[in-house]
Amino acid sequence: MKSRYLTGGPITPVLISELMTLGNNDPGAGAVSVFIGRVRDDDYDGRRVTAIEYSAYEDMVEKEAEEIVRTVRAAFSDVRSVLIVHSKGIVKAGEASLFIMITSGHRDHGTRACRHTLEMVKEKLPIWKKELF
Amino acid sequence: MKSRYLTGGPITPVLISELMTLGNNDPGAGAVSVFIGRVRDDDYDGRRVTAIEYSAYEDMVEKEAEEIVRTVRAAFSDVRSVLIVHSKGIVKAGEASLFIMITSGHRDHGTRACRHTLEMVKEKLPIWKKELF
Amino acid sequence: MAAEVKVLYFGAAQEAAGRAEEEFRAGDTASLRSQIVSKYPAMARIPFRMALNKTIVKEDSGLKENDIIAILPPFQGG
Amino acid sequence: MAAEVKVLYFGAAQEAAGRAEEEFRAGDTASLRSQIVSKYPAMARIPFRMALNKTIVKEDSGLKENDIIAILPPFQGG
């Protein structure tokens, strides 16, 4: 992958566990806020989604994700780390395709930064999906 | 423990992984919002916190936590599950003492319900702490 | 009519009382509060609420035999 | 002065063009957009933005040799 923010296929429970330990070395981080986006088995006119194939403009994902991290850290001074990982390729229904983790001293900036990061990921990252049935 | 919402000692990374798999069986849950509270190594007049000992009125924790879950589910219709676990006993700096997980169809209710649950946990659960240095 | 009730102490109130629980005789929660503060002067500095059978007491409530009253300093969970 | 630039197609635009990338000659982004929509009529139904060297194009911009222009349908990540 050209981007550190993309991973091939689903974000597995094992990967999530690994990512979450990255926040564990900082005894000043009193709050860890995590958002995980998953593929839903939505119904489109009677056809059920079994998977989504994500594609991305990888170079630009890298640039925009770095900009999101910079913006979030500037806006929420209590934030100590920002982690964003998005899937590329096929992710089955029920599997995770997005992982965001914010560590912060206290809960207020952390929970707000997590939501803000999520909105910016959806708005700024050049990623597309194709439903598979 | 008399309450299903309390666990003895820290909420370990292994326990967190286990708790997070509880949300995995629902392919309609597109959003998983998690908050983890951890013991900070705060400084009190030059003395550094090494651990916190939590005590609780367990019977009342049970009753109040159930009420929080009911309230959150009623307020946020897209929420599909609410999980609350708090530590009792000694938790060292850097270790987790609170775990909240909300699964929801979409992100909006999930992230808001997570924050709301967190505020209610702090306001409603009869839990006390004692800093150890 | 005073009733025999069980009082549970938590957090800083447990330290102020030097015990986790004891029995009192009281007719209502207001009278019980006075007795507790008289017995343990340190309790006057703790802004405690009371729970009657696991429900926070919002106004003075009558007590009956075997009620359980918890003395609750400000919560600190989370 | 028209320049030789590389165009990358993503998402629905890639399906409309039937390819992932190709070369164009164009002097600015407005002229490039017209050429692309003329060549692939299906592209007219896609509300695409363009990125010039990884930065979203907000107003018509001049192009120079070897610029990279990405054709970006609405983002769908998250």
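Residues numbered from 1 in each chain as written. Chains lettered and ligands numbered in written order. Predicted model: local features only at pLDDT ≥ 70, side-chain atom pairs only at ≥ 80, totals over all residues. Heavy atoms only, no water.

*Asks:* If you had to explain the overall build of chain A to someone new, which residues and values would you point to?
*Replies:* Secondary structure assignment for chain A yields three helices and eight strands. Across chain A, helices and strands are ordered from the amino to the carboxyl terminus as β-α-β-β-β-β-α-β-β-α-β. Over its C-alpha trace chain A gives a radius of gyration of 15 Å, about what one expects of a compact globule, namely 14 Å for 133 residues. In terms of principal-axis extent, the alpha carbons of chain A reach across some 50 × 25 × 25 Å. Counting only residues that meet the buried cut, chain A has 53% of its 133 residues in that class. Counting only carbon and sulfur atoms, one obtains 49% of the accessible surface of chain A, whose full area is about 5700 Å². Across chain A, the centroid of the 19 positively charged side chains sits 1 Å from that of the 19 negatively charged ones. (Helix = DSSP H or I, 4+ residues; strand = E, 2+ residues; numbered from the N terminus. Rg over C-alpha atoms; globule rule 2.2 N^0.38 Å. Buried < 20%, exposed > 50% of the residue type's maximum accessible area, 1.4 Å probe, protein only. Areas by Shrake-Rupley, 256 points an atom, 1.4 Å probe, with all protein chains shown as cover. Lys, Arg positive; Asp, Glu negative; His and termini not counted. Charge placed at Lys NZ, Arg CZ, Asp CG, Glu CD.)

*Asks:* A description of the interface of chain A and chain B should follow, citing residues and the corresponding values.
*Replies:* In many analyses, interface size is given as the accessible surface area lost on bringing the parts together. At the interface, 33 residues of chain A touch 33 residues of chain B. When the two sides are added together, the surface that chain A and chain B hide from each other amounts to roughly 2700 Å², 48% of it contributed by carbon and sulfur. Sorting the residues of chain A by area buried against chain B places Arg38(A), Arg40(A) and Arg107(A) first, and these three jointly supply 25% of that buried surface. Linking chain A with chain B are four salt bridges. Arg107(B) is the salt-bridge partner of Glu119(A), the closest N and O atoms lying 2.9 Å from each other. At the surface where chain A touches chain B, the tally comes to 24 residue pairs in polar contact (both at pLDDT 80 or more). Every element with two or more residues in the side of chain A that touches chain B is listed here: helix H1 (13–21), strand E2 (31–38) and helix H3 (107–124) of chain A. Looking at the side of chain A that touches chain B, its residues break down into 12 nonpolar, 11 polar and 10 charged. (Contact = heavy atoms within 4.5 Å. Buried area = accessible area lost by both parts, 1.4 Å probe. Salt bridge = Lys/Arg side-chain N within 4 Å of Asp/Glu carboxyl O. Polar contact = N/O pair within 3.5 Å; in protein donor to acceptor, adjacent residues only side chain to side chain. Nonpolar A, V, L, I, M, F, W, Y, C, P; charged D, E, K, R; others polar.)

*Asks:* An account of the interface of chain D and chain A is needed here, citing residue identities and associated values.
*Replies:* Counting residues at the interface gives 18 residues for chain D and 21 residues for chain A. Of the roughly 1500 Å² buried where chain D meets chain A, counting both sides, 61% is carbon and sulfur surface. When the buried surface of chain D facing chain A is broken down by residue, Lys54(D), Phe75(D) and Gly78(D) rank first, second and third, together holding 44% of it. The interface formed by chain D and chain A includes zero salt bridges. Where chain D touches chain A, the interface holds eight residue pairs in polar contact (both at pLDDT 80 or more). Elements with a contribution of two residues or more to the side of chain D that touches chain A: helix H1 (11–17), strand E3 (49–52), strand E4 (55–56) and strand E5 (68–72) of chain D. Among the elements that make up the side of chain D that touches chain A, the one with the highest residue count is E5(D) (three residues).

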